Amino acid sequence: MRLKTWLLKEPKHEDIVSCVGWTTADELYSCSEDHQILKWNLLTSETSLVVKLPEDIYPIDLHWFPKTVGGKKQTQAEVFVLTSSDGKFHLISKVGRIEKSVEAHSGAVLAARWNCDGTALITAGEDGQIKIWSKSGMLRSTLISQGSPVYSVAWGPDSDRILYTSGRQLIIKPLQPSAKVMQWKAHDGIILKVDWNSVNDLILSGGEDCKYKVWDSFGRLLYSSSPHDYPVTSVSWSPDGEVFAVGSFNTLRLCDKTGWSYALEKPNTGSVFTIAWSADGTQLAGACGNGHVIFAHVVEQRWEWKNFVITLTKRRTMQVRNVTNDAVDILEFRDRVIKASLAFGHLVVATSLQCYVYNTKNWNTPLIFELKEGTVSLIQQAEKHFLLVDGAGLYLFSYEGQLISSPKFPGMRADVLNSQGVSLSNDTIAVRDKRDEKVILLFDALTGKVLSDGKPLTHKMEVVDIALDQCGPSTERKIALVDKNHDLYITSVRHLGREAKICKIGSMVHSVAWNDAANILCGIQDNQFTVWCYPSVVFTDKELLPKTLYIKDGSEFSRSPHILSFVGTIATLRQGDGSLVYSSIPPYAGVLHEYSSSTRWEEALRLCRFAKDQSLWACLAAMSMTHRELTTAEMAYAAIGELPRVQYIKIIKEQPSKESSLAHMLLFSGQVQEAEATLLQAGLIYRAIQVNINLFNWERALDLAVKHKTHVDTVLAYREKFLKKFGRKETNQRFLQYAEGVEVDWTKIQAKLEMEMSKEREKAANASVRSSVSVRR
Amino acid sequence: MAMAKDPLSEAGFYFDELNKLRVLEPEVSQKTSELKEECKDFVDKISQFQKIVGGLIELVDELAKEAETEKMKAIGARNLLKSVAKQREAQQQQLQALISEKKMQLERYRIEYEALSKVESEQNEFIDQFILQK
C-alpha cells in the first residue's frame, strides 16, 4: 500500500495554508493566512475562490459539521466552524457567508471539533481553556482551564470523553463531572496534534520530539515511531481506522493502525499542518506551509486468496494475478474503488456508486449492481453470501446480487462497525452491541430477524472479538469470542430453550480465525500459534480439549502477530513490524472433519492410524462421541490411552435400553440434568435415582424417590452404606425422618433392582420390535 | 637696378616669383603658410589622439562593466554553491529517509519469503512422508 501524491506546479494560496476539510469525496475547502478560502473540485480539477475573509481573520482550524445527524444522512455538509487567531470562532456556510462569529478565547483559538452527531462543539485556546458550545454557538461550559496552551483536542468514540494536550502530556477527560481523569506523559516535546478514532478506539499523537505514537484508550503505548528529522505537525486517522497519515516537514507518511509505516513520501510541501481524510477513506489532503494543498490517494492495496493476488494499481484499476500460471487480468471500474474483499472464490468490490462481484473462475463478466449509499465501510464474506456495511446499515447480498436481508437493531451505528465487531456465516450474522460490549446480537442471515428466542448472547465481560464458524449445519453453529481479559470462549449460537453454555477454551488469546473449509479454529495464544482442531470437544469431553490442540512454537513470530486469514491449511499472519508470515498446519484435521460430517468412520479410523497423531485420535474420539458413534469412540479413546473412558463407553454399550444409554452418554459429557430428564421422560425412575446416588446427589435422589413413591428404601440403603464407609453419622433431618418409617433390607433391594433391569430390557425389546414393525409399515 | 634701392620694396611692395605684386615679403609669406600647414597637421593629430583616447576610455569602461557583472556572477555562483551544498544535504536526508523506508520494506519481504520457504519445505516434507508411508 502506498500514497500517490498530487501537487499543483504553483501554489494557489499566497501564504501558509492552515487547514483543510472535505465536503464530499471530491470537494475540499482550504483556508490560508492570505485570508482566502478556496474550493477544490477534484472531478473537474478546478479551484475557485469561495470568499476572501476580512484582513483581521487569520484562520487556524476548520471542521465541517458532521454529515450524519440522528441517523438521517444529509447529502453533504452545509456549514463549518473556522477558528482564528483573534480568539474567535466563526460558523461559515458552504457559500462562504459568515453566519456567526463568537468571541471564544483570549489569544488564538487553536482547535475546534464537532462531536459525532453535531450536538456540541469543543474549542481549545492559547489561553489554556477548553470550552463546550451548543450547535448554534452558545457557550455551555468551560471544561478545562490550564496554564499552557491546548494545541489539539479530540472527541472520544461515543462523544462522552475528550482528549487534549497539555505540553508533553495527554489528558482524557470524561464529560461527566465525577468521572476519573486520565493523564500521562506521552512525548518528550510539546504535543502538536492528537486524533482519536471511533471505530478502533485508538489514539494518535505527534509532537515536537519528532515522533508519532499510537495509544489505546487506557493510555497504554502500542507503538512509538523512531524520530523523524522534523517535528510531526499533523496526524489523522482514516475513517475506518485501518490506516492513518502523518505529516511533517516535506514528509507525508501512511501507516497501519498498529503503527508500522506502509509508505513514505517526500513531497515539496513545507510542513504539513493539517491532514484531512475524505469520508470514504480513499484519499487525503494536506495543508502545506508553502501555500500548496497536497492530495494523495491510497493505492496498491493487496488481497490474497489461495492462488490469486489482486492489487489495486490505480484508483479505478485492479490487477489480478493467478500465481499458478502467471495469468494476469486487468479489472477496470467506472468509479473509485472504496473497499474490496476476496474470499470463498469471490471478489467483491465496492466503488463509490456500484458493487462488482467477480467469480474467481471468470474475471470477464462481473455482476454489477448499484449501491444506494455511497461509502461502504466494511465487507464480510461467507461461502454463500456477503455483507456490506455502510453508514446507514447492514445489507446481506447473495453472490448473484440479490439483497437477502438487512438486519436492524435499536441503537445501531453501522459506521463504527469493524471486522472484530461483525461476523458472518452461511446462516447467521453476529454483531457486537456497541452500547453494551458484553452483548452479542445474533441474526438469522436469511431473514434478518433476531435469532430464535430473541434474547441476545450475553457474556460476563466486554467482548473484543467475535468469529462465527463457517461449516456444518446451522443447528450446530458456534461462535468464538475473545473478551477483554483475552480469554477465548466458545458457545453455540442456536439453542432450544435453555441458555447455551459459554465454555472457555483458551486464555491470553489475542487473535483468532476460523478455517474456511472445516470448523478448525486458530489463534495466537500467549505468543504461541495454537490450532483448536475440534473446539466443540468442550461440549462432549472437556478434559480432552488440551489433547486436541496443535501448537506451534511462536518464537518464529516477532511481537504481537495478528491472524489475517485461515484458508485451507495455511494461516496468514501479520506481525507487529508489518511483515506477512505464513504458517501451515497438517491437512489431517480438515480431512477428519470431512469424514466425521459425512459419518465415514471407517475411513476416519484409517486416517488416524495412518497419521499416528495423538491430537488427531483425540479429535476423532470427541467427534465420534458427539455423533454417538460408540465403536469408533472406544477405539479412539483406547489409542490415546484414556482407559476410564473406554471402560465407560463399554458400560454405555451394555445398557439395556436406548434411553439409558443415551442418558449415560449425556453423563459422559457432564450433562447431568439432561441425563436425568431423559431417564424420567422414559419412565426409568429407578435409573434416574441411581444416577443421583452415583453422583452422591443424595437430596435429589431422595426427592425423586419420594415424589415417584418408589425405591425410597434403596436410596436410604445406599446412603447408609456410604455413611458407614466414611464412619459418619446421619445428620440430615429428611433422611432421619424417612429412615424411621422404612426398613432397609439389602436382599429385597437387590431383588427389586433385578426386577427393574429385566423390566427395562423387556420394554426395550418391545420398543425395538414395535419400531421395526412401524418401519416395515 | 639691382644696386638701387628698390623703390617698390621701400614702399612695401614686392614681386614674387611669378612676378605678381605682393604686400608681404615672400619669405614671411612662405613661413606663414608653412606655419599654417603645421598648425593644421597639429590639429589633425590632436583630434586623432582624442578619438583614440575616447575609444580607449570606452573600452575600459566596458571592461569595467563586464568585470562588475562577472564579479556579481562569481558572488552569486559562490552563494549558490554554498546553498547547493545545503540543498544536497537536504536531498540526501530525504533520500536517506526513503532508503531506510525501502530497507524496512525489504526486511518485511525477506521475512515473508523466509516464512513461505518454511511452508514450502514443510509441505515437501509432508509429501515425502506421505509417499513413503504409502
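These figures come from a predicted structure and were not determined experimentally.

Visitor: Would you explain the overall build of chain B in this entry?
Guide: Counting its regular elements, chain B contains two helices and two strands. Reading chain B from its N end, one meets helices and strands in the order α-β-β-α. Relative to its length of 134 residues, chain B is extended, with a C-alpha radius of gyration of 53 Å against a globular reference of 14 Å. The C-alpha extent of chain B, read off along each of the three principal axes, is 170 × 30 × 15 Å. The buried share of chain B, taken over its 134 residues, is 6%. Roughly 12300 Å² of accessible area belongs to chain B as shown, and the carbon and sulfur atoms make up 62% of that amount.

Visitor: Just to check I follow, could you spell out the UniProt feature "repeat: WD" (unreviewed entry) in chain A for this structure?
Guide: Here the UniProt-annotated "repeat: WD" (unreviewed entry) positions come out as residues 102–134 and 184–216 of chain A. Between the C-alpha atoms that bound residues 102–134 of chain A there is a distance of 12 Å. The span itself is 0% helix and 61% strand.

Visitor: Hey, could you run me through the nonpolar core in this one?
Guide: What tends to happen in soluble globular proteins is that the nonpolar side chains get buried as a cluster. All names here are of chain A. Residues Leu488, Phe529, Leu592, Leu620, Met625 and Tyr637 are the most contacted members of the largest nonpolar core, which totals 68 residues. Element by element, the count of residues in this core is highest for helix α4 (residues 614–626), at nine residues. Aside from chain neighbours lying at most four places away, what touches leucine 592 is Ala604, Leu607, Cys608, Leu616, Cys619, Leu620 and Met623. Membership of the second largest hydrophobic core comes to 32 residues, among which are Phe308, Ile310, Val357 and Phe369.

Visitor: Please explain unusual backbone geometry as it appears in this structure.
Guide: As a rule of thumb, non-glycine residues mostly have phi less than zero, and peptide bonds are mostly trans rather than cis. All names here are of chain A. Here histidine 35, not a glycine, exhibits a phi torsion of approximately 70 degrees, which is positive. For histidine 35, the location among the structural elements is in the loop between β3 (27–32) and β4 (36–41). Of note in the backbone geometry, cysteine 210 takes a positive phi value of approximately 70 degrees without being a glycine. Inspection of the secondary structure puts cysteine 210 in the loop between β21 (202–207) and β22 (212–216).

Visitor: Please clarify how a negative patch on the surface should be interpreted in this entry.
Guide: On the surface, Glu34(B), Glu37(B), Glu38(B), Asp41(B) and Asp44(B) cluster together into a patch of negative charge. Under the relative-accessibility criterion, Glu37(B) is labelled partly exposed at 49%.

Visitor: Explain the pattern of salt bridges here, please?
Guide: If the charged atoms of two oppositely charged side chains come close together, the side chains can form a pair. All names here are of chain A. In total, this model carries 38 salt bridges over all chains according to the counting rule given. Here arginine 220 and aspartate 216 are joined by a salt bridge, their closest N and O atoms 2.7 Å apart. Relative accessible area serves as the criterion here: at 52%, arginine 220 is assigned to the exposed category. Each of Asp541, Glu543, Lys547, Glu642 and Arg645 takes part in salt bridges that share partners, so that together they form one network.

Visitor: Help me understand the interface of chain B and chain A in this model?
Guide: Quite often, the size of an interface is put as the accessible area lost when its parts meet. The interface of chain B with chain A comprises 18 residues on the first partner and 27 residues on the second. Where chain B touches chain A, the interface holds two salt bridges. Across the chain B-chain A interface, the total number found is eight residue pairs in polar contact (both at pLDDT 80 or more). In terms of residue class, the side of chain B that touches chain A is built from eight nonpolar, five polar and five charged.

Visitor: So what exactly am I meant to see when it comes to the packing of aromatic side chains here?
Guide: Centre-to-centre distance and the angle between the planes together describe a pair of aromatic rings. All names here are of chain A. Here the structure, examined in full by the defined rule, presents 33 aromatic pairs over all chains. Three or more aromatic residues joined by ring pairs make a cluster, and in this case those are Phe308, Phe333, Tyr356, Tyr358 and Trp363. Here the basic side chain of arginine 719 rests over the ring of phenylalanine 735, its NZ or CZ set 4.6 Å away from the ring centre.

Visitor: Please clarify how the domain arrangement of chain A should be interpreted in this entry.
Guide: If you check the domain split of chain A, you get domain 1 (2–299) and domain 2 (672–776). Each of domain 1 of chain A and domain 2 of chain A was reduced to a C-alpha centroid, and the two centroids are 75 Å apart.

Visitor: Looking at this structure, I do not really get the UniProt feature "coiled-coil region" (unreviewed entry) in chain B. What am I missing?
Guide: In the UniProt entry, the feature "coiled-coil region" (unreviewed entry) is given for residues 81–119 of chain B. The span residues 81–119 of chain B is 100% helix and 0% strand, and its two end C-alpha atoms sit 55 Å from each other.

Visitor: For this particular structure, what's the right way to read the sheet that holds strand β56 (residues 570–574) of chain A?
Guide: Hydrogen bonds along the backbone pair up the strands of a sheet, which may run parallel or antiparallel. Taken together, three strands build an open sheet; the order of strands is β55-β56-β57 (chain A) and the sheet is antiparallel. Lying at the two open borders of the sheet, with one neighbouring strand each, are β55 (562–567) and β57 (580–584) of chain A. Within the sheet, the average angular offset between the axes of one strand and its neighbour, ignoring direction, is 25 degrees. Pairing analysis gives five bridges linking β56(A) to β57(A), with the strands arranged antiparallel. Bridged to Ile570(A) within β57(A) is Ser584(A). Here helix α2 (residues 26–133) of chain B sits on the sheet and contacts β56 and β57 of chain A; the angle it forms with β57(A), its principal contact strand, is near 10 degrees.

Visitor: How do you make sense of helix α3 (residues 601–611) of chain A when you look at a structure like this?
Guide: Every α-helical turn comprises 3.6 residues, leaving residues that sit three or four positions apart pointing alike. Residues and elements named next belong to chain A. Looking at α3, one finds that the buried residues are Trp601, Ala604, Leu605, Leu607, Cys608 and Ala611. Around the axis of α3, the buried residues are gathered within 160 degrees of arc, so they sit on the same side. Pointing more than 90 degrees away from the buried face of α3 are the exposed residues Glu602 and Arg606. Where α3 is buried, its residues touch α2 (588–597), α4 and α5 (630–639). In the stretch just after α3, lysine 612 is the one whose phi turns positive, near 50 degrees.

Analysis parameters
- Residues numbered from 1 in each chain as written.
- Chains lettered and ligands numbered in written order.
- Predicted model: local features only at pLDDT ≥ 70, side-chain atom pairs only at ≥ 80, totals over all residues.
- Heavy atoms only, no water.
- Helix = DSSP H or I, 4+ residues; strand = E, 2+ residues; numbered from the N terminus.
- Rg over C-alpha atoms; globule rule 2.2 N^0.38 Å.
- Buried < 20%, exposed > 50% of the residue type's maximum accessible area, 1.4 Å probe, protein only.
- Areas by Shrake-Rupley, 256 points an atom, 1.4 Å probe, with all protein chains shown as cover.
- UniProt positions renumbered as here; feature names shortened; annotations may be inferred.
- Core = buried A, V, L, I, M, F, W, Y, C linked by side-chain atoms within 4.5 Å.
- Contact = heavy atoms within 4.5 Å.
- Patch = residues over 30% accessible without salt bridge, like charges linked within 9 Å, V, L, I, M, F, W, Y side chains within 5 Å.
- Salt bridge = Lys/Arg side-chain N within 4 Å of Asp/Glu carboxyl O.
- Lys, Arg positive; Asp, Glu negative; His and termini not counted.
- Charge placed at Lys NZ, Arg CZ, Asp CG, Glu CD.
- Polar contact = N/O pair within 3.5 Å; in protein donor to acceptor, adjacent residues only side chain to side chain.
- Nonpolar A, V, L, I, M, F, W, Y, C, P; charged D, E, K, R; others polar.
- Phe/Tyr/Trp six-rings, centres within 6.5 Å; stacked < 30°, edge-to-face > 60°.
- Lys NZ or Arg CZ within 6 Å of the ring centre and 35° of its normal.
- Domains from an automatic or database assignment.
- Pairing = 2+ DSSP bridges.
- Axes fitted to C-alpha atoms, helices over the stretch in contact; angles between N-to-C directions.
- Arc of directions from axis to C-beta.

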